[in-house]
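# Descriptive analysis of the structure
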Amino acid sequence: MIYDVAIIGSGPAGMTAALYGMRAGMSVLLLEKAFPGGQMVSSHNIENYPGFHGISGAELAQAMKKQLTEIDYKTAEVVQMDLSGSIKLLTTKKETFQAKNVIIATGANPRKLGFSNEEKLTGRGVSYCATCDGAFYRNKTATVIGGGNTALEDALYLAKFCEQVNLVHRRTAFRGDQSTLNQIRANEKIKIYTEYIPVELVGEEQLSEVVLEHTETKDRLTLKTDGLFVAIGYQPNVSFLPEGILKSDFGEIITDKNMMTNLEDVYAIGDVRRKELRQIVTACSDGAEVISAIQRKVNL
Ligand code: NAP
């Protein structure tokens, strides 16, 4: 069988594309190497997805998956792809699938600090998304790690409702925009620690402190903090892709406004593509847009 659309990755972007494809009468294959939901599964309470005052990522993922009644959903990892011809070939460990259009929706993972207790404390003080989790730290102390635009914007965002925000960066020069940095420096709630790196996360069931070390003097400093927002970049999941797909310096897939990559009939949606705002709603939006673009192309 040749599918109209083969989607790789079943996060909110991939599942929305599958839903819209299904409802458009397309034959849809959705390939997922692990379980549905992607990054949102690790969010214990999502409060910024419209329609729910609060819902766990796992519940939202299950609800999205349940809607996909007329697609082929397979748990399989794509290990090889041939995207050169008009019929694309996607090979998993067991079989090869054929499709007219391929949608890459494999997401991205925030870069981790690398501490042995980091995973355990994730959702218990440690977060990788200020927009998602910031509101839990109202009138509390939050610490942001990083010196890029994400870290700077996170610090400003958190300062709106946190009592105090610490911004910790490993160098004196910041990668983020000067104008944002000026706003940070003018904000009395934000305290900047440059030339410091985190060396220990303290807390058993809940994060309570982060230990910093000066990069030159090696002096240590302990910051009491309720929340730690790690903003040290993203790693798009693109390692399995063949050569020839255009990417940014950060490894994000570059698409046009129709979500198409530089390869004909090969699309990228959600966090794996270069975009400004990585949220569940924007991932869903990409999923709807891509199917609309494919439909318009077919109807031409
Ligand atoms: P980024 O620009 O790659 O910055 C990552 C920051 O984390 C850098 O300051 C880096 O330090 C630091 N870092 C990396 N590994 C670290 C580690 N192990 N320990 C401590 N610090 C570490 O990432 P980003 O801020 O997520 O931004 C990604 C892209 O999206 C950028 O192009 C950014 O401009 C863009 N973006 C744009 C906007 C906007 O325009 N509104 C908003 C957000 C993001 P060094 O500087 O020393 O390398």
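What counts and what doesn't
- Residues numbered from 1 in each chain as written.
- Predicted model: local features only at pLDDT ≥ 70, side-chain atom pairs only at ≥ 80, totals over all residues.
- Heavy atoms only, no water.
- Helix = DSSP H or I, 4+ residues; strand = E, 2+ residues; numbered from the N terminus.
- Rg over C-alpha atoms; globule rule 2.2 N^0.38 Å.
- Buried < 20%, exposed > 50% of the residue type's maximum accessible area, 1.4 Å probe, protein only.
- Contact = heavy atoms within 4.5 Å.
- Areas by Shrake-Rupley, 256 points an atom, 1.4 Å probe, with all protein chains shown as cover.
- Lys, Arg positive; Asp, Glu negative; His and termini not counted.
- Charge placed at Lys NZ, Arg CZ, Asp CG, Glu CD.
- 1 Å grid on protein atoms, 1.4 Å probe; cavity = no way out; pocket = protein on both sides within 12 Å on 5 of 7 lines; lining within 4 Å.
- Points joined across faces, edges and corners; volume = space filled by probe spheres on them.
- Nonpolar A, V, L, I, M, F, W, Y, C, P; charged D, E, K, R; others polar.
- Pairing = 2+ DSSP bridges.
- Axes fitted to C-alpha atoms, helices over the stretch in contact; angles between N-to-C directions.
- Domains from an automatic or database assignment.
- Buried area = accessible area lost by both parts, 1.4 Å probe.
- Salt bridge = Lys/Arg side-chain N within 4 Å of Asp/Glu carboxyl O.
- Near = heavy atom within 4 Å.
- Polar contact = N/O pair within 3.5 Å; in protein donor to acceptor, adjacent residues only side chain to side chain.

Looking now at the overall build of the protein chain. Of the regular secondary structure elements, the protein chain holds seven helices and 17 strands. For 300 residues, the compact-globule formula gives about 19 Å, and the C-alpha radius of gyration of the protein chain, at 21 Å, lands near that figure. Seen along its three principal axes, the alpha-carbon backbone of the protein chain occupies a region of about 65 × 35 × 35 Å. Here the protein chain holds 300 residues, and the buried ones make up 51% of them. A fraction of 58% describes how many contacts in the protein chain between residues 6 or more apart in sequence connect residues 24 or more apart. Accessible area of the protein chain: about 15,100 Å², with a carbon and sulfur share of 47%. Put simply, the protein chain has 33 plus and 36 minus side-chain charges, and the middle of one group is 2 Å from the middle of the other.

Once that is clear, we can look at empty space enclosed by the protein. In total, this model carries one cavity of 30 Å³ or more according to the counting rule given. The calculated volume of the largest cavity comes to roughly 40 Å³. Along the walls of the largest cavity sit Pro110, Arg111, Tyr128, Thr150, Val230, Ala231, Ile232, Gly233 and Tyr234, which together make up its complete lining. Taken together, the residues of the lining of the largest cavity break down into six nonpolar, two polar and one charged.

This part covers the sheet that holds strand S12 (residues 196–202). Strand order in the open sheet made by the three strands is S12-S13-S14, with antiparallel pairing throughout. On the outer flanks of this sheet lie S12 and strand S14 (220–224), each paired with one strand and no other. Strand-to-strand, the axes of this sheet are offset by a mean angle of 30°, without reference to chain direction. Of the pairings in the sheet, the one linking S12 to strand S13 (residues 209–214) comprises six bridges and is antiparallel in character. Residue pairing in the sheet places Pro198 in a bridge with Leu212 of S13.

With that out of the way, let us pick up the sheet that holds strand S10 (residues 164–169). Sheet strands pair via backbone hydrogen bonds, and the direction of the pair is either parallel or antiparallel. Strand order in this open sheet of five strands is S8-S15-S9-S10-S11, and the pairing throughout is parallel. In this open sheet, the two strands that pair with only one neighbour each are strand S8 (126–127) and strand S11 (190–194).

As far as domains go, the protein chain holds domain 1 (2–109 + 234–299) and domain 2 (112–230). Summarising the inter-unit geometry, the C-alpha centres of domain 1 and domain 2 are found 31 Å apart. Taken together, the six residues of domain 1 in the interface contact six residues of domain 2. With both chains or domains summed, domain 1 and domain 2 bury close to 610 Å², and 50% of this area falls on carbon and sulfur atoms. Seen at the junction of domain 1 and domain 2, the total is zero salt bridges.

As a matter of local geometry, the ligand sits amid 15 residues, with Thr150, Glu153, Arg170, Arg171 and Arg175 nearest to it. Between the ligand and Glu153, the relevant distance is 2.7 Å, taken from a nitrogen atom to a side-chain nitrogen or oxygen of the residue. Across the complex, the protein chains shield 77% of the 920 Å² of accessible surface that the ligand would expose by itself. Broken down by element, the residue count for the shell around the ligand peaks at three residues, all from helix H5 (residues 149–159). A class-by-class count of the residues in the shell around the ligand yields three nonpolar, seven polar and five charged.

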